[in-house]
Number of protein chains: 2
Amino acid sequence: MNVSIGRAAPHPGRRGRRLSRRLRRGDLLAAACPSREILRHLTSRWGVLVLMVLEGGTHRFAQLRRTVGGVSERMLAQTLQWLEGDGLVLRVALDVVPPHVEYSLTPLGREAARKVRSLADWIEVNLHRVEAARNARSG
Amino acid sequence: MNVSIGRAAPHPGRRGRRLSRRLRRGDLLAAACPSREILRHLTSRWGVLVLMVLEGGTHRFAQLRRTVGGVSERMLAQTLQWLEGDGLVLRVALDVVPPHVEYSLTPLGREAARKVRSLADWIEVNLHRVEAARNARSG
DNA sequence: GGAAGTACCAACATGAATGTTAGTATAGGC
DNA sequence: GCCTATACTAACATTCATGTTGGTACTTCC
């Protein structure tokens with residue numbers, strides 16, 4: 001039961017047809033689904049952390065860089081561009097010297113950030129349970 | 001306000017000390033925090049999808065492979081080992097020929113899967129909103 | 001005057017994640 | 001007998017994310 005047929009078909013027979021016609025809902029289990037790209041951006045190494053921080057309010061670039069431990073300038077810029085491109089992050093550049101740019105979440109981004117932070121919170125809280133499982137395994 | 005000081009310090013001054021002493025809670029914003037690794041496993045390209053599928057019930061290896069569109073054998077095995085190592089997935093191998101192995105979620109894994117699926121659901125449902133944002137930008 | 005801060009980008013280098021192929025031992029269907 | 005299916009692993013290849021360095025044009029602090 002529950003075994004889909006097409007192997008890499010755009011839409012395996014999960015709950016596809018009828019629902020997708022109504023809602024245009026994506027299907028992450030389908031290899032070709034555009035949702036996959038959004039998932040990659042959201043779950044990229046820094047995407048999760050950036051969204052979490054921005055959920056706490058507007059930040060400037062260097063401020064984000066200091067807050068997110070270990071991120072390089074290049075990857076922070078890259079990540080912000082991904083999220084901006086997906087309509088999750090709003091970039092406002094004040095035309096002054098030296099540069100002043102403010103990053104914040106769009107309404108869409110705020111929704112995504114809530115989901116992402118929920119996952120992150122769970123990890124932080126349950127870290128010790130995972131470590132316990134690891135120790136139980138390795139002896 | 002809210003600007004942490006140490007750049008890659010193990011524990012920036014967010015909400016650290018007092019809380020971590022009470023709960024041993026991880027801090028994903030700290031570069032060295034072990035939570036980072038769990039996050040990587042959970043948000044790896046296939047981790048999210050595997051957890052989603054396993055939330056729907058016990059699966060065998062080949063069954064998973066067919067259900068998760070586009071995953072290679074190697075990466076499926078790798079991902080399952082990561083998740084098993086973190087105590088999220090339970091692997092039960094029946095000693096028969098040909099091999100028969102069943103994968104399911106541990107209680108810990110079920111919690112994680114719920115979070116992850118919540119995010120995935122959000123993406124699938126809001127895919128069109130993201131695409132609208134993209135078109136608004138480029139078009 | 002020199003250093004540091006701002007918000008990046010381009011070029012190059014690296015490393016980890018991912019993909020590809022081949023192989024294992026055996027059973028069952030045709 | 002041959003093909004498929006099972007659940008993988010090892011070796012090798014590749015691609016992409018990520019890191020590193022150097023540069024920008026200007027200001028303020030020391």
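Provided above is the structure to which this section pertains.
Notes on the structure follow.

Of the transformation superimposing chain B on chain A, the axial component is 0.0 Å and the angular component is 180 degrees, with the fit at an RMSD of 0.0 Å. Each copy turns onto its partner about a two-fold axis. No C-alpha of chain B lies nearer the rotation axis than that of B:Thr43, which sits 2.7 Å from it. The fraction of interface residues of chain B whose copies in chain A are also interface residues reaches 98%, indicating that both copies meet through the same surface.

Looking now at the interface of chain B and chain A. Chain B puts 61 residues into the contact, and the matching count from chain A is 62 residues. Taken together, both faces of the contact between chain B and chain A bury some 5700 Å²; the carbon and sulfur share is 60%. If you sort the residues of chain B by the area they bury against chain A, B:Leu29, B:Trp122 and B:Glu124 come out on top, with a joint share of 12%. Run the count over chain B and chain A and you get 10 salt bridges. The residue A:Glu37 makes a salt bridge to B:Arg134 at a minimum N-O spacing of 4.0 Å.

Moving on to the protein's contact with DNA strand C. What surrounds DNA strand C is a group of 23 residues, the closest being A:Arg60, A:Glu73, A:Arg91, A:Tyr103 and B:Arg74. One nitrogen or oxygen atom from the side chain of A:Arg60 is found 2.6 Å from a phosphate oxygen belonging to DNA strand C. A:Glu73 is positioned such that a nitrogen or oxygen atom in its side chain is 2.3 Å from a base nitrogen of DNA strand C. Breaking the surface near DNA strand C down by element, the ones donating at least two residues are helix H4 (61-67), helix H5 (73-85) and strand E3 (100-105) of chain A together with helix H5 (73-85) of chain B. Top contributing element to the surface near DNA strand C by residue count: H5(A), with four residues.

Procedures and definitions
- Residues numbered from 1 in each chain as written.
- Chains lettered and ligands numbered in written order.
- Predicted model: local features only at pLDDT ≥ 70, side-chain atom pairs only at ≥ 80, totals over all residues.
- Heavy atoms only, no water.
- Least-squares fit on C-alpha atoms with pLDDT ≥ 70 in both.
- Contact = heavy atoms within 4.5 Å.
- Buried area = accessible area lost by both parts, 1.4 Å probe.
- Salt bridge = Lys/Arg side-chain N within 4 Å of Asp/Glu carboxyl O.
- Near = heavy atom within 4 Å.
- Polar contact = N/O pair within 3.5 Å; in protein donor to acceptor, adjacent residues only side chain to side chain.
- Helix = DSSP H or I, 4+ residues; strand = E, 2+ residues; numbered from the N terminus.

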